[in-house]
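Spelled out from the first residue to the last, the chains are:
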Amino acid sequence: MDVSFMSFLQSVTSSPVLLITVLLTLGVIFVNGWTDAPNAIATCITTRCMSTRSAIWMSAIFNFLGVFVMTQINSSVASTISNMVDFGGNTREALIALCAALFSIVVYSVGASYFGIPTSESHSLIAGLSGAAIAIQNGIGGINMDEWAKVLYGLVLSLILGFATGWVVCKVVSLVCYRMDRRKTNRFFRGAQIFGAAAMSFMHGAQDGQKFIGVLFLGIAFSNGQGSVSGISIPVWLMLVCSVVMAAGTSVGGEKIIKSVGMDMVKLEKYQGFSADLSAAFCLLYSSLFGIPVSTTHTKTSAIMGVGAVKRLSSINLGVVKEMVLTWIFTFPGCGLISFIMAKLFITIF
């Protein structure tokens, strides 16, 4: 399959369905950068280490680097997403179903972000693809359970490892700095937290950017009559396009989400913010290297809860946590159902 940029442009101009798929995918990437990336810099802003606008621009730059650099080093997350579902042998209907999946993600993500609730675009993407695959295959035969198992591992991993790592890192930092002058340590952690937020932004791009690269790559394959992308290398131009769009989305910002994650859930000091960012970045790096797609929102919020639990469990605002968990729980059936209905409708119409 020819995956050059010129071949891609020719395919887009000759296939209206592919054009819609590309626009929807880029729209979802933009929304992801807008609604999900603010989680990476929430603690840095709420502990007053950086201004909102400066942090957003820093995050945009490191999101770009995360997508581009990590995909060249290890693209296993993109492969997992591409191979997670089977849309069947009819590549025309498969491309239409992929449009439906992306449409459902946009609807669900924008609706949730309107209320200032951090969304899991990762779970929206997985639910959307799964719903469309079930619709086109008329059953769960369209789901690759081996790859889906990685999703379930990621769900558990992001919660348990995020919380545990956040607790351990914050506990170690607290013990090491116990007898130190608070003013000196605050100056150090001010800079350290900026580094942590940059690392978190980089890993957000590495994880979520790869997921959407996998989807866009799948759409290109369908338009060329290929039923899968197995054995085909991801082109550099595709990494660059996705990087730029995600960075643009991040630059828009997400003040409501920053408030929900950084202020409402746990009141953080600078050393706690650094511990949360470092812990979440480590968990995302581990998951990316092993090709496990995880939710950056899950990982960051569970790390924040682990950090907050070092002092006392009561420091965590369980009302906000409950609201987030309910949103995550509803993502799979909600986004999956929208995708299923849209896939059936789109295939009938087109």
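Shown above is the structure to which this text applies.
Predicted, not measured: the structure shown is a model, and the values here were computed from it.

Take a nonpolar patch on the surface next. Nonpolar side chains collect at one region of the surface, where Phe 163, Trp 167, Val 168, Val 172, Val 176, Met 180 and Leu 313 lie side by side and expose about 650 Å² of accessible area between them. Locating Leu 313 in the fold gives a position in the loop between helix H13 (296–311) and helix H14 (318–349).

Further remarks concern the pattern of salt bridges. This model, assessed by the stated rule, comprises 3 salt bridges. Between Glu 147 and Lys 150 there is a salt bridge, with the nearest N and O atoms lying 3.7 Å from each other. You can see Glu 147 and its partner Lys 150 sitting in helix H8 (residues 145–176), 3 residues apart, about one turn around the helix. A salt bridge links Lys 211 to Asp 208, with the nearest nitrogen and oxygen atoms 3.0 Å apart. A residue pair is termed a helical-turn pair when its members lie 3 or 4 positions apart in one helix, as Lys 211 and Asp 208 do in helix H9 (residues 182–223) at 3 residues. Of the two residues, Lys 211 and Asp 208, neither departs from the other in class, the shared state being buried.

Our focus in this paragraph is unusual backbone geometry. Residue Asn 138 is not a glycine yet carries a positive backbone phi of 55°. For Asn 138, the location among the structural elements is in the loop between helix H7 (121–137) and H8.

All right, on to helix H1 (residues 5–14) then. Along H1, the positions that sit buried rather than exposed are Ser 7, Phe 8, Ser 11 and Val 12. Buried residues of H1, viewed axially, fall in a sector of 135°; they line one side. Of the exposed residues in H1, those oriented more than 90 degrees away from the buried face are Met 6, Gln 10, Thr 13 and Ser 14.

Before going further, it helps to examine the side chain of Gln 193. Tracing the backbone shows Gln 193 in helix H9. When residues no more than four places from it in sequence are discounted, the contact partners of Gln 193 are Thr 43, Cys 44, Thr 47, Cys 49, Lys 270, Gly 273, Phe 274 and Asp 277.

Calculation criteria
Residues numbered from 1 in each chain as written. Predicted model: local features only at pLDDT ≥ 70, side-chain atom pairs only at ≥ 80, totals over all residues. Heavy atoms only, no water. Patch = residues over 30% accessible without salt bridge, like charges linked within 9 Å, V, L, I, M, F, W, Y side chains within 5 Å. Areas by Shrake-Rupley, 256 points an atom, 1.4 Å probe, with all protein chains shown as cover. Salt bridge = Lys/Arg side-chain N within 4 Å of Asp/Glu carboxyl O. Helix = DSSP H or I, 4+ residues; strand = E, 2+ residues; numbered from the N terminus. Buried < 20%, exposed > 50% of the residue type's maximum accessible area, 1.4 Å probe, protein only. Arc of directions from axis to C-beta. Contact = heavy atoms within 4.5 Å.

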